[in-house]
2 protein chains.
Amino acid sequence: MHPERHRFYHPELDLSPEQELEGSEVHHMSKVLRMKVGEDVILLNGKGRLVSAEIKELKKDRGRFRVLDDLPSWDMPSGLHIAMAPTKNMDRMEWFLEKAVEMGLGRFSLIGTQRSERNKVRMDRLERIAVSAMKQSLRTYLPRLESMHDYKPFITGASESDRFIAHCYEGDKSTEISVGGSTLILIGPEGDFTEEEVREAKEMGFHALGLGAARLRTETAALKAVALYNRL
Amino acid sequence: MHPERHRFYHPELDLSPEQELEGSEVHHMSKVLRMKVGEDVILLNGKGRLVSAEIKELKKDRGRFRVLDDLPSWDMPSGLHIAMAPTKNMDRMEWFLEKAVEMGLGRFSLIGTQRSERNKVRMDRLERIAVSAMKQSLRTYLPRLESMHDYKPFITGASESDRFIAHCYEGDKSTEISVGGSTLILIGPEGDFTEEEVREAKEMGFHALGLGAARLRTETAALKAVALYNRL
């Protein structure tokens, strides 16, 4: 772990010793942190690779770097996929995503359900939050972010080996999420999934997941699932 | 569970059939929800007792109620005590507390550590958030909220049978929090506990708690601990 040097997200980082980067990450480097040519940074691609590099040229929004070294990463891709009905309040989703990336998340999908309270989500904001949480937590994998899936085709196409639906109706529920497995968890809207949606998921091999007796908000339920998956 | 009727926090609820209540809860009842004399509400005292009651008289900030019935509660007092160095940003603490009350928390203390970034916290705001999360999640126990303990006397006086300190230094760490036990978990500031603070805690019988390899923000670490304690 190299907490000492500043980290910048470079999704197109390749094997060449010379790297270029444009946009908000470089703007942060030059204008907020006021870094200078000759200083060392860490570039990471969100897919497990990170390198140390020297700044060779730095404009307001564009930089050129010489790669010095590949750096080891302790982080691993996560097998956890959370698919959530978007919350009415964007803040709640953003908070969730920040915490989930810190704890460990492989993929995050937004799903349209019959009682969803929103069907447009600013994915650029979510992406920015995920990048920032990845860097802050010293992780090197960025979760895949996907908006907005229709419910039926989404559950029909799901390929994870453990598939759960966290709903609030009575009935037998599993409380055990396997650590490290290939796992998809559906989290419903504030008004819950409809009984029809629950039935459709069960027909596609989803199991009911119990997250305790309290009535949890959407983002709290999702967060508890993420914490339990990452319990070791 | 009685999600259908509105819930109001009445900390002084006693065994008398006539109850009075003043303040912001009644203001919410009369001015926001525009409830009327004759309607039924639920009053709860945050200590596990809840009753249904009829509104007999309702002024802007003051109401009189006739208790109809004691209602059963599924909720149990939680043995979990989180003691946290306050975060610089109040929002992060507030958000943590909301989620923690939903998931289950018995007591929340703020502690002054050598690297704490704040030593004043608006406890009235935290209390309001805890009350709201208790009602929203259909819980009936409100956690005890305490501000601001000095570190050394606090750890010296701790009486929980399982005592953990979640620090980021290397070394053997436990990863297992017992469900339902009498448990205190210390969560450090962004810059971590000092080595001296860790040593002092160990001398008082605290064990190091591991919450994974990622660097978690203060409130994320606290939230993960709460989720793990409430995993069943």
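Residues numbered from 1 in each chain as written. Chains lettered and ligands numbered in written order. Predicted model: local features only at pLDDT ≥ 70, side-chain atom pairs only at ≥ 80, totals over all residues. Heavy atoms only, no water.

Enquirer: Could you clarify how one ought to interpret the overall build of chain A in this entry?
Expert: From N to C terminus, chain A includes six helices and 11 strands. Seen along its three principal axes, the alpha-carbon backbone of chain A occupies a region of about 60 × 30 × 30 Å. Sequence-distant contacts in chain A: of pairs separated by 6 or more residues, those separated by 24 or more amount to 73%. Carbon and sulfur atoms make up 47% of the accessible area of chain A, which amounts to about 10,600 Å² in all. Here chain A carries 35 positive and 37 negative side-chain charges, and the mean point of each set is 4 Å from the other. (Helix = DSSP H or I, 4+ residues; strand = E, 2+ residues; numbered from the N terminus. Contact = heavy atoms within 4.5 Å. Areas by Shrake-Rupley, 256 points an atom, 1.4 Å probe, with all protein chains shown as cover. Lys, Arg positive; Asp, Glu negative; His and termini not counted. Charge placed at Lys NZ, Arg CZ, Asp CG, Glu CD.)

Enquirer: Would you mind showing me how to read the environment of Leu58(A) here?
Expert: Residues and elements named next belong to chain A. Residue placement: leucine 58 occurs in strand S4 (residues 50-58). On a C-alpha basis, the gap between leucine 58 and serine 30 in space is 6.9 Å, while along the polypeptide they are 28 residues apart. If we ignore the near neighbours within four places in the chain, the residues touching leucine 58 are Val26, Met29, Ser30, Met35, Val37 and Gly63.

Enquirer: In this structure, what is going on with the pattern of salt bridges? I would like to understand it.
Expert: A side chain with one charge can pair with a side chain of the opposite charge if their charged atoms come near. Applying the stated criterion across every chain yields a total of 44 salt bridges over all chains. The shortest N-O distance in the salt bridge between Arg92(A) and Glu219(A) comes to 2.5 Å. Of this pair, Arg92(A) sits in helix H2 (residues 90-103) while Glu219(A) sits in helix H6 (residues 218-229), and the two are 127 residues apart along the sequence. As far as the burial class goes, Arg92(A) and Glu219(A) line up, both buried. Salt bridges linked by common partners bring Arg92(A), Arg217(A), Glu219(A), Glu98(B), Lys99(B) and Glu102(B) together as one network. (Salt bridge = Lys/Arg side-chain N within 4 Å of Asp/Glu carboxyl O. Buried < 20%, exposed > 50% of the residue type's maximum accessible area, 1.4 Å probe, protein only.)

Enquirer: Any chance you could explain the domain arrangement of chain A here in plain terms?
Expert: How big an interface is tends to be expressed through the accessible area that disappears when the partners come together. Residues and elements named next belong to chain A. Domain parsing of chain A yields domain 1 (7-71) and domain 2 (80-229). Taken over both partners, the interface formed by domain 1 and domain 2 buries close to 810 Å², and the fraction arising from carbon and sulfur atoms is 62%. Linking domain 1 with domain 2 are one salt bridge, by the criterion used here. Two residues, glutamate 25 and lysine 135, come together in a salt bridge whose shortest N-O distance is 2.9 Å. Counting across the domain 1 and domain 2 interface gives five residue pairs in polar contact (both at pLDDT 80 or more). The element that contributes the greatest number of residues to the side of domain 1 that touches domain 2 is strand S1 (residues 7-9), accounting for three residues. Each residue belonging to the side of domain 1 that touches domain 2 can be placed in one class, and the counts come to four nonpolar, two polar and three charged. (Domains from an automatic or database assignment. Buried area = accessible area lost by both parts, 1.4 Å probe. Polar contact = N/O pair within 3.5 Å; in protein donor to acceptor, adjacent residues only side chain to side chain. Nonpolar A, V, L, I, M, F, W, Y, C, P; charged D, E, K, R; others polar.)

Enquirer: Could you clarify how one ought to interpret the relation of the copies chain A and chain B in this entry?
Expert: Note on the chain copies: they are related by a rotation about an axis and a translation along it. Relative to chain B, chain A is turned by 180° and slid 0.0 Å along the rotation axis, the superposed coordinates differing by an RMSD of 0.0 Å. Between the two chains, the operation in question is that of a two-fold axis. Interface overlap between copies: 97% of the residues of chain A at the interface are likewise at the interface in chain B, consistent with a symmetric, same-surface contact. (Least-squares fit on C-alpha atoms with pLDDT ≥ 70 in both.)

Enquirer: Teacher, can you tell me more about the sheet that holds strand S1 (residues 7-9) of chain B here?
Expert: Neighbouring strands of a sheet are bound in pairs by backbone hydrogen bonds; such pairs are parallel or else antiparallel. Residues and elements named next belong to chain B. If you trace the five strands from one edge of the open sheet to the other, you get S1-S3-S4-S5-S2, paired in mixed fashion. Lying at the two open borders of the sheet, with one neighbouring strand each, are S1 and strand S2 (18-22). Between one strand axis and the next, the sheet turns by 45° as a mean value, whatever way the strands run. Judged from the eight bridges that link them, strand S4 (residues 50-58) and strand S5 (residues 62-71) form a sheet pairing that is antiparallel. Considered in S5, the bridge of valine 51 is made with aspartate 70. Relative to the sheet, helix H1 (residues 24-32) contacts S1, S2, strand S3 (40-44), S4 and S5, its axis offset from that of S1 by approximately 155°. The strands that helix H3 (residues 123-136) touches are S1 and S3; relative to S1, the one it contacts most, it runs at about 150°. (Pairing = 2+ DSSP bridges. Axes fitted to C-alpha atoms, helices over the stretch in contact; angles between N-to-C directions.)

Enquirer: Teacher, can you tell me more about the pairing of strand S6 (residues 80-84) of chain A here?
Expert: Within a regular strand, the side chains alternate between the two sheet faces. Residues and elements named next belong to chain A. Here S6 lies mainly inside the structure; five of its five residues are buried. As paired elements, S6 and strand S10 (residues 183-187) share five bridges and run parallel to each other. Opposite isoleucine 82, over in S10, you have isoleucine 185 as the bridge partner. For the handedness criterion, the β-α-β arrangement of S6, H2 and strand S7 (residues 107-112) is classed as right-handed. (Right-handed = clockwise from strand over helix to strand, strands pointing away.)

Enquirer: How should the nonpolar core be read in this particular structure?
Expert: One broad rule of soluble globular proteins: the nonpolar side chains tend to lie buried together. Ranked by size, the top nonpolar core spans 86 residues in total, and within it Ile82(A), Phe96(A), Ile82(B), Phe96(B) and Phe108(B) carry the most contacts. Excluding its chain neighbours within four sequence positions, the residues that come into contact with Phe96(B) are Ile82(B), Met84(B), Phe108(B), Glu219(B), Ala222(B), Leu223(B) and Val226(B). Formed by 14 residues, the second largest nonpolar core is a distinct cluster that contains Leu21(A), Ile55(A), Leu58(A) and Phe65(A). (Core = buried A, V, L, I, M, F, W, Y, C linked by side-chain atoms within 4.5 Å.)

Enquirer: How should I be thinking about the side chain of Glu25(A) in this particular structure?
Expert: All names here are of chain A. Looking at the element boundaries, glutamate 25 is found in helix H1 (residues 24-32). Using a relative accessible area of 14% as the deciding quantity, one classes glutamate 25 as buried. At 2.9 Å, the side chain of glutamate 25 forms a polar contact with the side chain of lysine 135. Beyond its immediate stretch of four places on either side in the chain, glutamate 25 contacts Arg7, Phe8, Tyr9, Val131 and Lys135.

Enquirer: Would you mind going over a positive patch on the surface with me for this structure?
Expert: Residue and element names in this part refer to chain A. On the surface, a cluster of positive charge is contributed by Lys31, Arg34, Lys36 and Lys60. In this structure, arginine 34 sits in the loop between H1 and strand S3 (40-44). When its relative accessible area of 60% is taken as the criterion, arginine 34 is described as exposed. (Patch = residues over 30% accessible without salt bridge, like charges linked within 9 Å, V, L, I, M, F, W, Y side chains within 5 Å.)

Enquirer: Would you explain the interface of chain A and chain B in this entry?
Expert: Contact with chain A, which involves 30 residues of that partner, is made by 30 residues of chain B. Carbon and sulfur atoms supply 58% of the area that chain A and chain B bury against each other, a total of about 2,800 Å² over both sides. A per-residue breakdown of the area chain A buries against chain B is headed by Trp95(A), Gln136(A) and Arg215(A), which together make up 23% of the total. Taken together, the connections running from chain A to chain B amount to seven salt bridges. Looking at the side of chain A that touches chain B, the elements that each hand over two or more residues are H2, helix H3 (123-136) and H6 of chain A. Among the residues making up the side of chain A that touches chain B, the classes are represented as 13 nonpolar, five polar and 12 charged.

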